[in-house]
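Commentary on secondary and tertiary structure
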Amino acid sequence: GLIDVAAEIARKEKERDNLANLIRGKESKLGNASFVERAPPAVVAKEKESLEEARRTLDSVERALTELRAKQK
């Protein structure tokens, strides 16, 4: 009872949507053969690492949303 569950759900949903957009952008960038061929390997590796981190964060946000929705019922 210390948090406003509905407000926290709304905040997490916004975070989820932002992460999903970020992931789509990074997947698109890494799916562009021209970028992958021309960019320095370190830049490509950093993009891949950033993409994986965003995916892990998205998974965490999704789990939090599931828990919050369970509390709301």
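Residues numbered from 1 in each chain as written. Predicted model: local features only at pLDDT ≥ 70, side-chain atom pairs only at ≥ 80, totals over all residues. Heavy atoms only, no water.

1. Here's the deal with the nonpolar core
This is how it is decided: Residue types Ala, Val, Leu, Ile, Met, Phe, Trp, Tyr and Cys, when buried and joined through side-chain atoms within 4.5 Å, form a set referred to as a nonpolar core. For each residue, the accessible area found with a 1.4 Å probe, counting protein chains only, is set against the maximum for its type, and the residue is called buried under 20%, exposed over 50%, and partly exposed in between. A run of DSSP states H or I qualifies as a helix once it reaches four residues; a run of E qualifies as a strand once it reaches two. Both are numbered from the N-terminal end. Any pair of residues with heavy atoms lying within 4.5 Å of one another is described as a contacting pair.
Among the nonpolar cores identified, the biggest contains 14 residues, and I9, L19, I23, L30, F35 and V44 are the most heavily contacted of them. Elements that contribute at least two residues to this core include exactly α1 (5-31) and α3 (41-72). The element best represented in this core is α3, accounting for seven residues. Here L30 is in contact with F35, V36, V44, E47, K48 and L51, once residues within four sequence places are set aside.

2. Looking at α1
Given 3.6 residues per turn, any residue in an α-helix points the same way as the ones three and four places further on. What counts, and what does not: Expected helix span is given by 1.5 Å per residue-to-residue step, counting one fewer step than there are residues. Here a polar contact means two N or O atoms within 3.5 Å. Within protein one must be a hydrogen donor candidate and the other an acceptor candidate, and residues neighboring in sequence count only if both atoms are side-chain atoms.
End to end, α1 covers 38 Å across 27 residues, agreeing with the expected 39 Å (1.5 Å per residue, within 8%). Along α1, the positions that sit buried rather than exposed are V5, I9, K12, L19, I23, K26 and L30. Packed against the buried residues of α1 are α2 (33-38) and α3. The N-capping residue of α1, defined by a side-chain oxygen 3.3 Å from the backbone nitrogen of A6, is D4.

3. Here's the deal with the packing of α1 against α3
Our working definition: Only the stretch in contact is used when fitting a helix axis, every axis being a line fitted to C-alpha atoms; angles between N-to-C directions are given from 0 to 180 degrees. Here is the rule for angles: anything less than 35 degrees is roughly parallel, anything more than 145 is roughly antiparallel, 65 through 115 is roughly perpendicular, and the remaining ranges are oblique. By the definition used in this description, the sense in which the near helix is turned from the far one sets the handedness, with an anticlockwise turn below a right angle giving left-handed and a clockwise turn giving right-handed. Ten residues, namely Ala, Val, Leu, Ile, Met, Phe, Trp, Tyr, Cys and Pro, are considered nonpolar, four, namely Asp, Glu, Lys and Arg, are considered charged, and the remaining ones, Gly among them, are considered polar.
The geometry of α1 relative to α3 is characterised by a closest axis approach of 9 Å and an angle of 155 degrees between their N-to-C directions. Accordingly, the angle class assigned to the pair α1 and α3 is roughly antiparallel. Crossing angle aside, the handedness with which α1 passes α3 is left-handed. Residues of the contact of α1 with α3, tallied by class, amount to 15 nonpolar, three polar and 13 charged.

4. Comments concerning α3
With 32 residues, α3 ought to run about 46 Å at 1.5 Å a step, and its terminal C-alpha atoms sit 46 Å apart, in line with that. Residues of α3 that are buried sit in contact with α1 and α2.

5. Quick look at the environment of F35
The topology assignment puts F35 in helix α2. Considered as a pair, F35 and S50 are 15 residues apart in the sequence and their alpha carbons are 16 Å apart. In this structure F35 touches K29, L30, V43, V44 and E47, once residues within four positions along its chain are discounted.

Don't take any of this as a statement about function, it's just geometry.
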